Amino acid sequence: MQVSKPDPVDVVVVGVGASGGTAAKVLSEAGLKVVGLERGPFMNHREQFSGDELKYLNRGYIAPNHDLNPRTYRNSADEEAELYPFSPCPQLVGGGTIHWAGWFPRPLPCDFQMRSLHGDVEGASLADWPIGYDDLEPYFTKVEWEFGCSGLEGANKFEAPRSQGFPTPPLAPTAFAVRFYDACARMGLNAFPLPMALVTEPHKGRDTHNHTGFWNQYGDPTTMKSTTLTSFVPEALATGNFELRPDCYVREVTLGPDGKANGVIYVDGDGNEVHQEAGVVILCQGAIETARLLLLSQSDRFPEGLANSSGLVGRNATFHEFVFSVGLFDKETEPLYGYSGAFVSGATFEFYETDESRGHIGGGVVAASQTAQPINWMLPGRPAWGSALKDADRDYFNHAMVLGLCLQDLPQHDNRVDLDPTVRDAWGLPVARITHKPHANDLAMSRWQVEKNAEILREAGATATLPVNLERCTGNTCHQHGTARMGTDPSQSVVDAWCAAHDVDNLYVLDGSVFPTSTGVNPTLTIMANAWRCSEHIADVHARGGDQTLAATGGSNHGL
Amino acid sequence: MACRSHWEVVPEARLDLDSDEPTFFDRHEWETIEAATARIIPTDHDPGAREAKVVRFIDRYLSSVDHVYASADGAGFLRLDGIMADAWAGHLDRMRQVYRDGVRTLDELAGDHHGQPFAALSDEQQDAVLERLSGADRPVPITSALAGGHAYGASLQSDLGLDFFPALCLHTRQGFYGDPVYGGNHEQVGWQVIGFPGPPSLAATQTCTYSVYHLLVADRDWADLVPHVREQALAKDPA
Ligand SMILES: Cc1cc2nc3c(=O)[nH]c(=O)nc-3n(C[C@H](O)[C@H](O)[C@H](O)COP(=O)(O)OP(=O)(O)OC[C@H]3O[C@@H](n4cnc5c(N)ncnc54)[C@H](O)[C@@H]3O)c2cc1C
């Protein structure tokens, strides 16, 4: 087949979701010529999105189609992997920000120092981050204000220092959140309105009137929800320096004779192969697909996959299972309206930092959330059929609430993403195979926290609670991290503190792949802040004519 | 590529969505599936799957790839093409076989144990057949089965790879509670049964003229909900 070759550009960004949209904005605003390649479509939010539960939640309208883009999963290396739609993050311009809930908390300083704090934990591969909270603080602020969010300054007793408050105030609490706040107050726990990637006032001219409750897993037809589709992508396009190419599936990163990355090969929507050359290649596909692309990009120099001299590409994968308790409340009491609001309402950081008396290390954000819409509302153990089913829906649909935890799973060397030896996608490429077995600490954290959440729910008035514990990881949060960890030692990490590959210095990874540990919060604010930080660095390097070392010495002075 | 930003929309009028004529099932299959859905969500003092026209929902779904995704405003359905249409066509082919075989199994079990086709049996007999089919007793009320923790699967509840009975249960829920544009939840009876104040139309969720904002609690102060806010304010300004 004839491979076409458009003009080379300064930067090619692979994947235009949360991190890719951020890189596109920062780099194009700095004057670099950027091409963004996204394998999904470029949708118009106003025309294409609405509150259709069946379409989004059951028929996967914007999720990867399992026949075309399958994945496989197994618990451990001695098992045969099975087809399983593990961590089905949406594929379209905007990526996971299109239908996320938008939990937007900052991590805590302890998240960057898990190894220093806990030393060697058997079976785990803990590592400190080469950067710390202070390195990211200015970028948290930039993302919070430019991307837009809501929150209440000073409400979270455990939050690390912030240089600015929130651009917009929180949404009024839901009825179920009020139960949670009051229960926490009685128990002496600090609950606060979780920062959310949505705006409640017309920040940057945005339209804030999506109060349909169709929020998590739905595209938003307004611009109330913060998505890169409706913010950073149009801002990048407005510079005239950014060219967005949707429906373009990248299948290889190419290397020049000098050992540097010189571009990528992709298949466009009409099936044509294109070689886009670029001075810098940035991978922003999410930690599963980024690892897969590196492993697919084999050459004489990198027979085990690009930038993989450490053998760590794909390893130390963490996925943050969402575990929770559901509280059932008496149907004679005030309804909780579990489909109202913007999915999450109140949260607490009380169980975030390590307290070894709990029997596990680490922890994470706990939050009260919607049970959501009628077809799929969260009632674990729902009777399958008959009057028991009908009664359960009728009695509890308006009288249940979820109290969940974003489970900080420990990294393990053998938990990994690699190429499936037999299953291929619709383009003939080996698919990602996920191998993940929970660590004993993950299981202990789940048990302890799910029971603690049940206790809070009982205090809130629940007459019964349904626990949902971690048994095996299902990828139900679509949080993906660790598969190209950052660090200073090239034998112990894949990328450096600027997220440039140790082996190929003009190849960057700016998504969650670079997280050495998974943190106790939803990852996207941290992913975007880090992508912004590194993109500024890339622009700096470019301005100095591409001399990496020069720029690196002028970089971060914290924890490096 | 796979999913497109703009699919052609087949207007609802051309699909004749109000019709109760089977488009995939034959009469017997229709009656059998209708009877089975009516045991999954039975009619009591409230409407059940029969009144919600769940069988029509399932029949439409199985009929063609033109009923997979409603357009955002519900004025029609997206006409999938290319590999996306092929993928759905393959999936629906498998599902159709699951249903054809499923109806046969229901009738066989009904014939073997009660001497008549499934649709002709009493409610009690039909339940007995479903117990055999599912290999378990009929479910007990949720409050008497609270013990165990249940793994909650992937965030997408798809029918991928499901056998007949679990597929039928899932599709019955979908037809009872999904937007009426898909042929079930007739006159929103499913929503009324559980007290979901759903939107009048998909269009109302697209323009966001539909709102549940009034269900939020607007009359409580943050300082009252979050004592820490008040404590901080007091620490700063004790007066
Ligand atoms: C239902 C749901 C709710 C969520 N809620 C939250 C939340 O509340 N808070 C939070 O912090 N996070 C949440 N997440 C997770 C969040 O979506 C991700 O953390 C975030 O999107 C990751 O950003 P990213 O840039 O790494 O990848 P993405 O945003 O997933 O973007 C990657 C993009 O790369 C494209 N791509 C992949 N491979 C290729 C290729 N070979 N060629 C071209 N393009 C490619 C994909 O199509 C995709 O658009 C949620 C996710 C889901 C699914």
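Residues numbered from 1 in each chain as written. Chains lettered and ligands numbered in written order. Predicted model: local features only at pLDDT ≥ 70, side-chain atom pairs only at ≥ 80, totals over all residues. Heavy atoms only, no water.

Caption draft 1: Geometry of the packing of aromatic side chains. Residue and element names in this part refer to chain A. A full pass over the atoms with the stated rule returns 38 aromatic pairs over all chains. The ring of Y61 has K55 sitting right over it, with the charged end atom 4.3 Å from the ring centre. When the ring centre of F166 is taken as reference, the NZ or CZ atom of R162 above it lies at 3.9 Å. (Phe/Tyr/Trp six-rings, centres within 6.5 Å; stacked < 30°, edge-to-face > 60°. Lys NZ or Arg CZ within 6 Å of the ring centre and 35° of its normal.)

Caption draft 2: Structural detail: helix 1 (residues 18–29) of chain A. Residue and element names in this part refer to chain A. Helix length check: helix 1, at twelve residues, gives a terminal C-alpha distance of 17 Å against a target of 16 Å (1.5 Å per residue), a fit within 8%. Of all the twelve residues making up helix 1, eleven are buried; the element is thus mostly covered by neighbouring parts of the structure. With its phi angle positive at about 100 degrees, G31 sits one or two positions after the end of helix 1. (Helix = DSSP H or I, 4+ residues; strand = E, 2+ residues; numbered from the N terminus. Expected span 1.5 Å × (residues − 1). Buried < 20%, exposed > 50% of the residue type's maximum accessible area, 1.4 Å probe, protein only.)

Caption draft 3: Local environment of the site of the ligand. Residues and elements named next belong to chain A. Contacts to the ligand come from 35 residues, most closely from S19, E38, G102, W103 and T524. Backbone polar atom of A101 to a nitrogen atom of the ligand: 3.4 Å apart, as the coordinates give it. The separation between an oxygen atom of the ligand and a polar main-chain atom of G102 is 2.9 Å. Relative to its unbound accessible surface of 990 Å², the ligand loses 95% to contact with the protein. Those elements that place two or more of their residues in the shell around the ligand are helix 1 and strand 8 (249–255). (Near = heavy atom within 4 Å. Polar contact = N/O pair within 3.5 Å; in protein donor to acceptor, adjacent residues only side chain to side chain. Areas by Shrake-Rupley, 256 points an atom, 1.4 Å probe, with all protein chains shown as cover.)

Caption draft 4: Up close: the pairing of strand 15 (residues 416–424) of chain A. All names here are of chain A. Bridge count for strand 15 against strand 16 (residues 430–435) is five bridges, and the pairing is antiparallel. Along strand 16, the bridge assignment pairs R424 with P430. Remark: five residues form the turn of the hairpin made by strand 15 and strand 16, two consecutive strands paired antiparallel; G428 in that turn has positive phi of roughly 85 degrees. (Pairing = 2+ DSSP bridges.)

Caption draft 5: How the structure looks around the environment of P139 of chain B. Along the chain, the position of P139 of chain B falls in the loop between helix 5 (123–134) and helix 6 (164–177). Residues P139 of chain B and L202 of chain B, 63 residues apart in the sequence, show an inter-C-alpha distance of 34 Å. P139 of chain B has contacts with P383, A384, W385 and A388 of chain A, leaving out every residue within four places of it along the chain. (Contact = heavy atoms within 4.5 Å.)

Caption draft 6: Spotlight on empty space enclosed by the protein. Residue and element names in this part refer to chain A. Applying the stated criterion across every chain yields a total of ten cavities of 30 Å³ or more. Space inside the second largest cavity adds up to approximately 120 Å³. Lining of the second largest cavity is provided by 16 residues; of these, L171, L194, M196, V344 and S345 occupy positions nearest its centre. In terms of residue class, the lining of the second largest cavity is built from twelve nonpolar, four polar and no charged. (1 Å grid on protein atoms, 1.4 Å probe; cavity = no way out; pocket = protein on both sides within 12 Å on 5 of 7 lines; lining within 4 Å. Points joined across faces, edges and corners; volume = space filled by probe spheres on them. Nonpolar A, V, L, I, M, F, W, Y, C, P; charged D, E, K, R; others polar.)

Caption draft 7: Representation of the nonpolar core in the model. All names here are of chain A. Core analysis: the largest hydrophobic core is formed by 243 residues, its most contacted members being I282, L507 and L510. Beyond its immediate chain neighbours, meaning those up to four positions away, L510 contacts S19, A23, I282, L283, C284, C499, I527, A531, C534, S535 and I538. Listed in part, the five residues of the second largest apolar core include M114, A124, L126 and I361. (Core = buried A, V, L, I, M, F, W, Y, C linked by side-chain atoms within 4.5 Å.)

Caption draft 8: Spotlight on the confidence of the model for chain B. Overall, the prediction assigns chain B a mean pLDDT of 92, with 93% of residues at 70 or greater. The ipTM assigned to the predicted complex is 0.96, against a pTM of 0.96. (pLDDT = per-residue confidence, 0-100.)

Caption draft 9: Structural detail: the environment of P64 of chain A. Residue and element names in this part refer to chain A. Topologically, P64 is positioned in the loop between helix 3 (53–58) and strand 4 (72–74). Taking relative accessible area as the criterion, P64 reaches 17% and is therefore assigned buried. Separated by 21 residues in the primary sequence, P64 and P85 have C-alpha atoms spaced 8.4 Å apart. Leave out the neighbours within four places in its chain, and P64 touches N69, P88, C89, P90 and Q91.

Caption draft 10: Just the packing of helix 3 (residues 54–63) of chain B against helix 4 (residues 82–114) of chain B, in detail. Residue and element names in this part refer to chain B. Remark: helix 3 packs on helix 4, axes separated minimally by 9 Å, with the N-to-C direction vectors making an angle of 135 degrees. The angle between the axes of helix 3 and helix 4 places the two elements in the oblique class. The segment helix 3 lies against helix 4, with I58, Y61, L62 and S63 engaging W88, H91, L92, M95, R96 and Y99. (Axes fitted to C-alpha atoms, helices over the stretch in contact; angles between N-to-C directions. Parallel < 35°, antiparallel > 145°, perpendicular 65-115°, else oblique.)

Caption draft 11: Fine view of the interface of chain B and chain A. Each partner contributes residues to the interface: chain B has 91 residues there, and chain A has 98 residues. Summed over both sides, the interface between chain B and chain A buries roughly 7,900 Å², with carbon and sulfur atoms accounting for 65% of that surface. For K390 of chain A, the salt bridge is made with D44 of chain B, and the minimal N-O distance between the two is 2.8 Å. There are 29 residue pairs in polar contact (both at pLDDT 80 or more) connecting chain B and chain A. Here the side of chain B that touches chain A is composed, by residue class, of 55 nonpolar, 26 polar and ten charged. (Buried area = accessible area lost by both parts, 1.4 Å probe. Salt bridge = Lys/Arg side-chain N within 4 Å of Asp/Glu carboxyl O.)

Caption draft 12: Looking closely at the sheet that holds strand 16 of chain A. Pairing within the open sheet is mixed, and its four strands lie in the order 5-4-16-15 (chain A). Edge positions in the sheet fall to strand 5 (82–83) and strand 15 of chain A, since each has one partner strand and no second.

Caption draft 13: Spatial organisation of the sheet that holds strand 12 (residues 344–348) of chain A. All names here are of chain A. A sheet is described by the order of its strands in space; here six strands give the open sequence 6-12-13-14-11-17, paired in antiparallel fashion. For this open sheet the edge positions go to strand 6 (191–193) and strand 17 (464–468), each flanked by a neighbour on one side alone. Neighbour-to-neighbour, the strand axes of this sheet turn through a mean angle of 25 degrees, independent of strand direction. Note: strand 6 against strand 12, three bridges, orientation antiparallel.

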